[in-house]
Amino acid sequence: MIEFVQLVLGGVAVGCVYALVALGIVLVYKATETVNFAQGELMMLGAFLAVALTSAGLPYWAAFAAAVVLMALAGAALERVVLRPVLGRPQFAIVMLTLGIGLMARGLVAAVPEWGAQTHSLETPFAGASLHAGELTLSADHAMVIATTAVLCGALTLFFHGTRLGLAMRAASQNQLGACYMGVSLARLHSAVWALSAAIAAIAGVLLAPITFVHTNMGLIGLKAFPAAVIGGFGSLPGALAGGIVLGVVESAAGFYLPEGAKDVAAWVVVLLVLMLRPAGMFADAAPRRV
Amino acid sequence: MARTALAVAAAALLLAAPLLLAEYSLAQLSFICIYVVAGAGLMLLVGYTGQISLGHAAFLGVGAYTEAIAQARGLPFPVSAAASGLLAAGCGALVGLPALRLKGIYLAIATLAFGFIAVEVFARWEALTGGNAGMAVAPVVLFGHRLGEEWEFYYLCLAVAVGAMFALANLLRSPTGRALTAIRDAEIPARSLGIDAAHYKTVAFALSAGATGIAGALYAHRIGFISPEAFDILLSIELLTMILVGGLGSAAGVVFGAAFLIAVPQALILARELLPEGIARQSGLQPALFGLVLVLTVLFEPEGLNGLWLRLRSRARRGGAAPGRRRAYRKSERTP
Amino acid sequence: MSMLAVESLCIAFGGIRAVADVGFEVGEGELCALIGPNGAGKSTVLNAVSGLVRPDAGRVLFAGRDLTRTPAHRIAALGLARTFQNIALFDHASVIENVLVGRHRHRRSGVVADLLGLPAVKRAERDERDRARAALDSLGLGPQAERMVAELPWGLRKRVELARALASEPRLLLLDEPSAGLSDEERADMATAIERIRATGGPAMLLVEHDMGMVSRLADRAIALDRGRVIAQGPPQAVRKDPAVIEAWLGG
């Protein structure tokens, strides 16, 4: 039993990272109808920034904050320069565009001499520490992920319900004109959404860094956010969170109880099952469309 | 007239290539032929039927492993290559099942999932695939003759590529091809004209995967050693890059795209000699360049190299007159 | 036996009743017009007949056969063709290719034969092209055959869509506002074209139309809908003068 709880806790921690990446994907999708396949790479960039800043002498927390701010700026810039011109174009073109952005990000990071194709570790002030409750142990890295995710969710809830920009984002996800009624221009809103989404990706990257180390293939971990988003109903923020956490737990259980290799495909098997069994129930508009 | 002359010249060059090119360059040409076969398949699905697949590398893998395993068991090449195509087509029909109900992003994720699961199966079914250690693949033996020389294998690849392009052209001129493009352009009117969209989407997935599987059989021989990670998501993205950069919805785009895909790494090898050492040694150059080209294509040339070619040609002919009557299909013109 | 019989058709969208208890028949060789103000449910009835919308209750019988649960492509294969209000052509294809898609239900070759480009496929293709050309010629579209539909003006596109539907050699043809967006001159041409189709032993037709002049000129019978219900049916002249119809038009 204790073993199982331990397993679930570890799963929740990793699941929180999936959830955060999924959150960013769904945020952008709801506000701009763009499916961002580069979200995992944004996470990787955030992690690399944090590594670079700490190795330049910044303390962990300052590097964390700076990485998030820098990535927010990068997200807004990406929207302005690359995504805005293709707004309204068909989904395939945009999917290819974001895949291209992801490839570029990987390539550029690999091309930076100091970063290269090596694996880096992020120094944290709580490295090696852990929390104990009876027989349960939770490493400080995992605890940090769970706590930060919880705090971030609280902050996002306040933001979406208590600020004009947050309300405009919610309105826009229902109806593109919704934001205009709130007195926020769509262009500004899109930039803000991308900035927020990239900032969340950076947070996920910094949180994941002590657990998996920092390397150029981190972005591939981010791809698992898509199953998380689909399980949660692709389009719902709480759903994306729940989907990510469920996925983390399923993976960690599959890794323990099933043969080797099951862990790596668990997310994909689960998402295929969801897509096959409940394609309409979970996300499609159930009402018949007028032709 | 000019068209025929051009075609004859191209055919002569392709046939004479073994005399003109060094072994290394000929091997690259074989690669282009193999990518043309896979590209014809993917173009049919994405460019002409309007479906999306982020897992096509898996079909290439299914074909490659089938070929390697069948050859090791002593099956003759025509049989093993056909088996590669058929098995991949079967997988394609299976993956096409979600396509009947899923659209856009959901289909993309379903195919992505298939790609990841397939790579894991390659890695874990060790008795058959050799697992992560991979499998060595011997040269093709055709009718008792071992195609050990580069030029022999090149002619085989060329023949298959020409066959694939002919099949694609035949299909596009037939009722099946019209049904596929009708589904792409406007599915509801297509259905109300008697086209069973579910059936034709499955057919498109099966044919597409089948062609990619046959390409996989040749690919296995060309690289001589296959392992699971050779067929991962990055290869799927490369295949999509090929048809997007070549020009969606154009048969010529398949050839342009395949040539592009092979030319970039070669150009990089040349460029490395010119670049300062610090940059030249970096492994990230190729993905970065692919990514950049992908971004630039979507932003500035959605019809890809084929669109560029059509425009240059019409400008050369008429000094800037309108492009050819038949314009390539542009995804961007579709209403979402 | 009637060509089309619609019986107690009910359709709701998200709780809003679009069609309520609609029933009517179209006889063999007959041309019926569905008329009514915007939102009366005319197009929805057409969509239900062609299988694009599932009715919540009621039946659709085509030549005596129950089509209520039959998918759209099967209905088309049985010999029902239609056009769309806003024109639904395949924009990346030429005029004749669009019309060839209309011939789909008559295709004889299989996928493998198509792939191999067998001689039988080529023969059938020549034959199909001849028939498609004939359909185009009958509507005066012969000179446009090789042009891309995207380049054509609205009026011609409207006619290409009609040619595509006719090319399928249907037994019943549904026309959703054939005159929508046309100039007076083009309207007259369209009416003449429809008359010619009838004169040459064409299919039974059910058309949705706003232009009452066109309805009076073409239709044997008119069926007036208002808020999803049939409020009058009979000869066009009589339906036009029906108090319920006048009320609906003025009130709507």
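Here the structure is shown first, and the text comes after it.
Worth saying up front: this structure is predicted, and the values here are computed from it rather than measured.

Caption draft 1: Molecular detail of the sheet that holds strand β8 (residues 204-208) of chain C. All names here are of chain C. The mixed open sheet is built from six strands, whose spatial order is β6-β7-β8-β3-β9-β10. Lying at the two open borders of the sheet, with one neighbouring strand each, are β6 (80-82) and β10 (229-234). With strand direction ignored, the average angle separating the axes of adjacent strands in the sheet is 15°. As paired elements, β6 and strand β7 (residues 172-176) share three bridges and run parallel to each other. By the bridge assignment for β7, A81 is matched with L173. Sheet strands in contact with helix α1 (residues 42-49) are β3 (31-35), β6, β7, β8 and β9 (221-226), and its direction is about 150° off that of β7. Each of β6 and β7 is contacted by helix α6 (residues 154-167), which is oriented at about 160° to β7, the strand it contacts most.

Caption draft 2: Broad picture of the interface of chain C and chain B. Contact with chain C, which involves 31 residues of that partner, is made by 30 residues of chain B. The junction of chain C with chain B conceals about 2,800 Å² of combined surface from both sides, 62% of it contributed by carbon and sulfur atoms. Connecting chain C to chain B are eleven residue pairs in polar contact (both at pLDDT 80 or more). Put simply, the parts of the chain that give the side of chain C that touches chain B at least two residues each are α2 (72-77), β6, α3 (95-102), α4 (111-116) and α5 (119-138) of chain C.

Caption draft 3: Looking closely at helix α3 (residues 60-83) of chain A. For α3 of chain A, with 24 residues, the first-to-last C-alpha span of 32 Å sits near the 34 Å given by 1.5 Å per residue. Within the span of α3 of chain A, buried status applies to Y60, A63, F64, A67, V68, M71, A72, G75, L78, E79, V82 and L83 of chain A. Contacts from the buried residues of α3 of chain A go to α2 (39-55), α4 (91-111), α5 (140-162) and α8 (186-212) of chain A together with α14 (285-300) of chain B.

Caption draft 4: Focus on the pattern of salt bridges. All names here are of chain C. Within the structure shown, the criterion is met by 28 salt bridges over all chains. Measuring nitrogen to oxygen at the nearest pair gives 2.9 Å for the salt bridge that ties R103 to E128. On the criterion of sequence distance, the pair formed by R103 in the loop between α3 and α4 and E128 in helix α5 is long-range, its members being 25 residues apart. A relative accessible area of 5% means that R103 is categorised as buried. On the basis of relative accessible area, E128 is assigned to the buried category, the value being 8%.

Calculation notes
Residues numbered from 1 in each chain as written. Chains lettered and ligands numbered in written order. Predicted model: local features only at pLDDT ≥ 70, side-chain atom pairs only at ≥ 80, totals over all residues. Heavy atoms only, no water. Pairing = 2+ DSSP bridges. Helix = DSSP H or I, 4+ residues; strand = E, 2+ residues; numbered from the N terminus. Axes fitted to C-alpha atoms, helices over the stretch in contact; angles between N-to-C directions. Contact = heavy atoms within 4.5 Å. Buried area = accessible area lost by both parts, 1.4 Å probe. Polar contact = N/O pair within 3.5 Å; in protein donor to acceptor, adjacent residues only side chain to side chain. Expected span 1.5 Å × (residues − 1). Buried < 20%, exposed > 50% of the residue type's maximum accessible area, 1.4 Å probe, protein only. Salt bridge = Lys/Arg side-chain N within 4 Å of Asp/Glu carboxyl O.

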